Amino acid sequence: FLGAGGGNDIQWCFSQVKGAVDDDVAEADIISTVEFNHSGELLATGDKGGRVVIFQQEQENKTQSHSRGEYNVYSTFQSHEPEFDYLKSLEIEEKINKIRWLPQKNAAQFLLSTNDKTIKLWKISERDKRPEGYNLKEEDGRYRDPTTVTTLRVPVFRPMDLMVEASPRRIFANAHTYHINSISINSDYETYLSADDLRINLWHLEITDRSFNIVDIKPANMEELTEVITAAEFHPNSCSTFVYSSSKGTIRLCDMRASALCDRHSKLFEEPEDPSNRSFFSEIISSISDVKFSHSGRYMMTRDYLSVKIWDLNMENRPVETYQVHEYLRSKLCSLYENDCIFDKFECCWNGSDRQVEFLSLCTSDLSKLIVMTGSYNNFFRMFDRNTKRDITLEASRENNKPRTVLKPRKVCASGKRKKDEISVDSLDFNKKILHTAWHPKENIIAVATTNNLYIFQDKMN
Amino acid sequence: QDTQEKDKAIPPERAEEAKLKAKYPTLGQKPGGSDFLMKRLQKGQKYFDSGDYNMAKAKMKNKQLPSAGPDKNLVTGDHIPTPQDLPQRKSSLVTSKLAG
């Protein structure tokens, strides 16, 4: 597995952990999304309580060449509040389902955050100076009696302690009957899509009072419902192309130039199923919980309950690579169904940083994303090297929190005699799930969210 | 030895399915499918109906209103839910512990 030597293998070390130490987790503190911005300088988290916390990477300290800048709290705000739709008797959770950053255009930063029903565009801006020396106001804000003013002065800007303000600039509401699972910003940086269980809408970032419906899979008779949309994403380079995944394990690629309503896909990606293996669980575990394009857009990655699959956009009938995340769970599906874990939605992500080999994509397959990462149970997370086909299991735990010490690979013993240092399947803690992970777009820094803690790991720098 | 061979021939998923069917014999005939999807689509549904509530109040002026049973999360069925029985939603005004 990775880390066993070999020049190019990344060695991961603990860097930081954020969040409360105590085991008693308040519901509101459950982390529901993690996302780096385009430069990697900012790292945003969203939680079940509707709050967003943004961390900023410190400028690199020239004297401390052995570690990259730490992430410290930059801004925190309440993005969404709980609501009750009285007309439909529907409780609307404030949980932040997704955060997506806009590319930076000016001094301010912008992100989209969404709960089940409403998407908001937030502006995060810095204020480091304030005007002082008004004629009609005291410094504390009280108004002066004009008759006491004998001389005039020009107010000037003076430096002040940095204040980071978050303000909602747009609220995109009332466009989703069902629960929003994805938002994705188009490569035109002007529009974005939002997807719920049955529909996908296209928005313009400036316009909040209307959106275009581009996919509608709601059947005329709801009794005929067999499939829901689970995730959607725009192609990174082609502004008319997007994909959406389903609860039946299929991915559809659509081209908005083909028609206004993209109910007919341009491509359908589906791996044929072995009918002799079919069981009650087959459809549930084939449900895709996440879909992510590679940087070049030539490949996409999907996550279903037990595996990660890499698809070549030019080949619809099967994935080009399949990686087993925790195959040992296949013989535990009954209890995983009973405790609802079988419905857990794991995300996956590409290595952000191997840009230096991108030139190789001209002559060979796309090597710019050599490693993919996804989470599992027991606070384990997994990485798969597409090039060497090796994989590694690591753990996010406070026990390993010595900076610059390389994380020890973990191993699960599926059956038979358990070796020392291995953990048996029955000892896994299924309440400790890593659903959300993110990879810095430029460096080997990863953010891994456990239930209520955020871990940051980086590669060992020599 | 013979039974071991048999077990090897059964894919683990099928064995798990058999376990589940043994525990819940009435579990839906269709595999996976629509039951979950409908449950997923209806997430968040609470059945407090002010019309029913007020009519019940009017009918039972002198009697005590039936209130929700011990399971306060289940406010459907024969009993009339009262506003007090609906779980209270509090917004999280406390700062996230990640920022602490």
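Keep in mind the model is a prediction, meaning the values are calculated, not measured.

Draft legend 1. The arrangement of the overall build of chain B in detail. The helix and strand inventory of chain B stands at four helices and zero strands. Along chain B, helices (α) and strands (β) appear in the sequence α-α-α-α when read from the amino end. Out of the 100 residues in chain B, the part that is buried amounts to 27%. Looking at chain B alone, contacts between residues at least 24 apart form 42% of all its contacts between residues at least 6 apart.

Draft legend 2. Looking closely at the overall build of chain A. The helix and strand inventory of chain A stands at two helices and 32 strands. Relative to its length of 462 residues, chain A is compact, with a C-alpha radius of gyration of 24 Å against a globular reference of 23 Å. Each of the three principal axes of chain A carries a C-alpha extent, and together these read 95 × 60 × 50 Å. Looking at chain A residue by residue over its 462 residues, the buried ones come to 53%.

Draft legend 3. Spatial organisation of the interface of chain B and chain A. Opposite the 37 residues of chain B that make contact, chain A presents 63 residues. Between chain B and chain A, a total of about 4200 Å² is buried, with carbon and sulfur atoms accounting for 56% of that surface. Ranking the residues of chain B by area buried against chain A places Glu 13, Arg 40 and Leu 98 of chain B at the top, with a combined share of 19%. At the junction of chain B and chain A, the tally comes to four salt bridges. Arg 330 of chain A is paired through a salt bridge with Glu 13 of chain B; the nearest N and O atoms lie 2.4 Å apart.

Draft legend 4. Examining the confidence of the model for chain A more closely. Residue and element names in this part refer to chain A. Of the residues in chain A, 93% reach a pLDDT of 70 or more, and the chain-wide mean stands at 91. Every residue in residues 1–7 is under pLDDT 50, and counting partners more than four places away or in other chains gives 15 contacts. Predicted confidence for residues 365–369 stays below pLDDT 50, and this span has 24 contacts to residues more than four positions away or in other chains.

Draft legend 5. Local environment of the pairing of strand β8 (residues 98–101) of chain A. All names here are of chain A. On β8, burial covers both faces: Lys 98 and Arg 100 on one face and Ile 99 and Trp 101 on the other are all buried. As judged from the four bridges shared by β8 and strand β9 (residues 109–114), these two strands associate in the antiparallel manner. Each bridged residue has a counterpart across the sheet, and for Arg 100 the counterpart in β9 is Leu 112.

Draft legend 6. Spatial organisation of the pattern of salt bridges. Scanning the entire structure with this criterion turns up 38 salt bridges over all chains. Across the pair Glu 443 of chain A and Arg 68 of chain A runs a salt bridge, and its minimum N-O distance is 2.9 Å. One end of the pair, Glu 443 of chain A, is in the loop between β30 (436–439) and β31 (445–449); the other, Arg 68 of chain A, is in the loop between β4 (51–57) and β5 (71–78), with 375 residues separating them in the sequence. Between Arg 330 of chain A and Glu 327 of chain A there is a salt bridge whose closest N-O contact spans 2.6 Å. We classify Glu 327 of chain A as partly exposed; its relative accessible area is 33%. One network of salt bridges, with partners in common, ties together Asp 29, Asp 47 and Arg 51 of chain A together with Lys 97 of chain B.

Draft legend 7. Just the packing of aromatic side chains, in detail. Residues and elements named next belong to chain A. Taken as a whole and judged by the stated rule, the model has 21 aromatic pairs over all chains. Plain terms: the ring middles of Phe 36 and Tyr 71 are 6.0 Å apart, the flat faces sit at 65 degrees to each other, and that makes the pair edge-to-face. Residue Phe 36 is found in strand β2 (residues 31–36), and its partner Tyr 71 is found in strand β5; the two are separated by 35 residues along the sequence. Plain terms: the ring middles of Phe 234 and Phe 242 are 6.1 Å apart, the flat faces sit at 75 degrees to each other, and that makes the pair edge-to-face. The buried category is assigned to Phe 234, whose relative accessible area is 3%. Here the aromatic cluster, defined as three or more aromatic residues joined through ring pairs, consists of Phe 14, Phe 381, Tyr 455 and Phe 457. Lying across the ring of Tyr 134, Lys 137 places its NZ or CZ 4.8 Å from the centre.

Draft legend 8. Region of the structure containing the pairing of strand β26 (residues 380–385) of chain A. Residue and element names in this part refer to chain A. Within β26, six of the six residues are buried, leaving the element largely enclosed by the surrounding structure. Residues Phe 380, Arg 382 and Phe 384 of β26 are buried on one face, and the alternating residues Phe 381, Met 383 and Asp 385, pointing to the opposite face, are buried as well. In this structure, strand β25 (residues 371–375) lies alongside β26, joined through five bridges in antiparallel fashion. Its bridge partner being in β26, Val 372 is matched across the sheet by Phe 384. Connecting β25 to the antiparallel partner β26 that follows it, the hairpin turn spans four residues, and Asn 378 within it adopts a positive phi of roughly 60 degrees.

Draft legend 9. Structural view of unusual backbone geometry. Residues and elements named next belong to chain A. In this model, Asn 379 sits at a positive phi of 60 degrees, which is unusual for a non-glycine residue. With a relative accessible area of 11%, Asn 379 lands in the buried category. Positioned with a positive phi, Asp 421 is a non-glycine residue whose angle comes to about 75 degrees. As for its position among the elements, Asp 421 is in the loop between β28 (411–413) and β29 (422–424).

Draft legend 10. Geometry of the state of the cysteines. Summed over the entire model, instances satisfying the criterion amount to zero disulfides over all chains. Summary of cysteine pairing: Cys 348 of chain A is not part of a disulfide, and the nearest cysteine sulfur, belonging to Cys 349 of chain A, is at 7.4 Å.

Draft legend 11. Summary view of the sheet that holds strand β23 (residues 321–324) of chain A. All names here are of chain A. Judged by pairing direction, the sheet is antiparallel, and its four strands sit side by side in the order β20-β21-β22-β23 without closing on themselves. The open sheet has two free edges, formed respectively by β20 (290–293) and β23, since each of these has just one partner strand. Across the sheet, the mean angle separating the axes of adjacent strands is 15 degrees when strand polarity is ignored. In the sheet, strand β21 (residues 299–303) pairs with strand β22 (residues 307–312) via five bridges, with the strands oriented antiparallel. Bridge pairing in β22 places Tyr 299 opposite Asp 312.

Draft legend 12. Structural context of the sheet that holds strand β15 (residues 207–216) of chain A. Residue and element names in this part refer to chain A. Sheet architecture is open: four strands sit in the order β12-β13-β14-β15, paired in antiparallel fashion. Of all the strands in the sheet, the pair left with one neighbour each is β12 (182–185) and β15. Looking at each pair of strands side by side, their axes are set apart by 25 degrees on average, direction ignored. One ladder, built from four bridges, connects β12 with strand β13 (residues 191–195); its direction is antiparallel. Residue Ile 185 lies in a different strand from β13, and its bridge partner there is Tyr 192.

Draft legend 13. Focus on the nonpolar core. Counting residues in each nonpolar core, the largest one holds 26 residues, and the members touching the most others are Phe 280, Tyr 305, Leu 329, Leu 336, Tyr 337, Ile 342 and Leu 428 of chain A. Looking at this core, the elements with two or more residues in it are α1 (282–286) and α2 (333–338) of chain A. At four residues, the largest contribution of residues to this core is made by α2 of chain A. In contact with Tyr 337 of chain A, not counting residues within four places along its chain, are Phe 280, Phe 281, Ile 284, Ile 342 and Phe 343 of chain A together with Leu 20, Leu 27 and Phe 36 of chain B. Leu 370, Met 373, Ala 396 and Ile 446 of chain A belong to the second-largest nonpolar core, a separate cluster that totals 19 residues.

Cut-offs applied
Residues numbered from 1 in each chain as written. Chains lettered and ligands numbered in written order. Predicted model: local features only at pLDDT ≥ 70, side-chain atom pairs only at ≥ 80, totals over all residues. Heavy atoms only, no water. Helix = DSSP H or I, 4+ residues; strand = E, 2+ residues; numbered from the N terminus. Buried < 20%, exposed > 50% of the residue type's maximum accessible area, 1.4 Å probe, protein only. Contact = heavy atoms within 4.5 Å. Rg over C-alpha atoms; globule rule 2.2 N^0.38 Å. Buried area = accessible area lost by both parts, 1.4 Å probe. Salt bridge = Lys/Arg side-chain N within 4 Å of Asp/Glu carboxyl O. pLDDT = per-residue confidence, 0-100. Pairing = 2+ DSSP bridges. Phe/Tyr/Trp six-rings, centres within 6.5 Å; stacked < 30°, edge-to-face > 60°. Lys NZ or Arg CZ within 6 Å of the ring centre and 35° of its normal. Disulfide = S-S within 2.5 Å. Axes fitted to C-alpha atoms, helices over the stretch in contact; angles between N-to-C directions. Core = buried A, V, L, I, M, F, W, Y, C linked by side-chain atoms within 4.5 Å.

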